[in-house]
Every structure is written in structure tokens, then in C-alpha cells.
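# What the coordinates show
Given next are the chains, with one letter for each unit.
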Amino acid sequence: QVQLEESGGGLVQPGGSLRLSCAASSTIYSANHMAWYRQAPEKQRELVARIFGGRNTDYADSVKGRFTISRDNNKNTVHLQMNNLKVEDTAVYSCFMMIRGTNFWGQGTQVTVSP
């Protein structure tokens, strides 16, 4: 069983930046799909960014050009760099990994963007 732990959430003003991290309890070398999702109050969970097939990336239209997903195999970690944050980015952000055909989720970290 792989445990995922997110960190880096918090309160930031519009235009600010945050860097989320998701640390896995074991190696992520064989993880072929890693992603960040978010869920805002009274909204459905949505895919924010994903990294797959090694280092291919894909982003939701709403975050393209502002967010960057990356992986660090040496530290068993996936990051989400979030720049130029907007109020509408406020949500609970959760990490996802698929490792050897099994899906794993983190518990989530709150990101609040407010003046």
C-alpha cells in the first residue's frame, strides 16, 4: 500500500504563487500516471494537471500557462507549481498516482486564494 501526503497548501492573495508537493511512501519510478485534482465547494472534482508516460504533461484549460506539474523520482514526489493564482483556483487539491495498475489518492490540501 502506497501512502500519499500532500503539502504546500495555504492562503494566498490573487496573483500569488504556491507550490504543492505530494510525497509517496515508496518509489514512484513505476508510476505511469500522476495527477493533481481539485474540488471546490459545491462543484465536481476536476483534473488540474497530469503527467504520464514518463514526462508528458496535460493541463486543464483554466490553468494552462499558470500551473506546472513535475515529478522527482529521486524524492518520490510530484509537484504542482501554481503561479498567478486566481480566486477561482480556491479548492481542495488532491494528488493521484497509478502505480502498477493500482490507484492511490492523497487526503488533499486546501488552497485558498483571497484578497
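None of the values given here were measured: they were computed from a predicted structure.

The pairing of strand S4 (residues 31-39) with strand S5 (residues 46-52) spans 6 bridges and is classified as antiparallel. For Ala-35, the partnering residue across the bridge sits in S5 and is Arg-50. Two elements, S5 and strand S6 (residues 56-59), share 4 bridges in a ladder whose sense is antiparallel. Bridge pairing in S6 links Arg-50 to Asp-58. Where S5 folds back on S6, the antiparallel hairpin that results is connected by 3 residues, among which Gly-53 adopts a positive phi of roughly 55 degrees.

Below, the discussion takes up the sheet that holds strand S3 (residues 18-24). Taken in spatial order, the 4 strands of this open sheet run S1-S3-S8-S7, and their pairing is antiparallel. Each having just a single partner strand, strand S1 (4-7) and strand S7 (67-72) make up the two edges of the open sheet. Ignoring strand direction, the axes of neighbouring strands in this sheet form an average angle of 15 degrees. Judged from the 6 bridges that link them, S7 and strand S8 (residues 77-82) form a sheet pairing that is antiparallel. For Arg-71, the partnering residue across the bridge sits in S8 and is Val-78.

What follows deals with unusual backbone geometry. Note on backbone geometry: most residues besides glycine have negative phi, and most peptide bonds are trans. Positive phi is not limited to glycine here, since Asn-84 has a value of about 50 degrees. Within the secondary structure, Asn-84 is located in the loop between S8 and strand S9 (91-99). For Asn-84, a relative accessible area of 43% translates into the label partly exposed. Here Arg-100, not a glycine, exhibits a phi torsion of approximately 50 degrees, which is positive. Tracing the sequence through the fold places Arg-100 in the loop between S9 and strand S10 (102-105). With a relative accessible area of 63%, Arg-100 lands in the exposed category.

Reading the values: the criteria
- Residues numbered from 1 in each chain as written.
- Predicted model: local features only at pLDDT ≥ 70, side-chain atom pairs only at ≥ 80, totals over all residues.
- Heavy atoms only, no water.
- Pairing = 2+ DSSP bridges.
- Helix = DSSP H or I, 4+ residues; strand = E, 2+ residues; numbered from the N terminus.
- Axes fitted to C-alpha atoms, helices over the stretch in contact; angles between N-to-C directions.
- Buried < 20%, exposed > 50% of the residue type's maximum accessible area, 1.4 Å probe, protein only.

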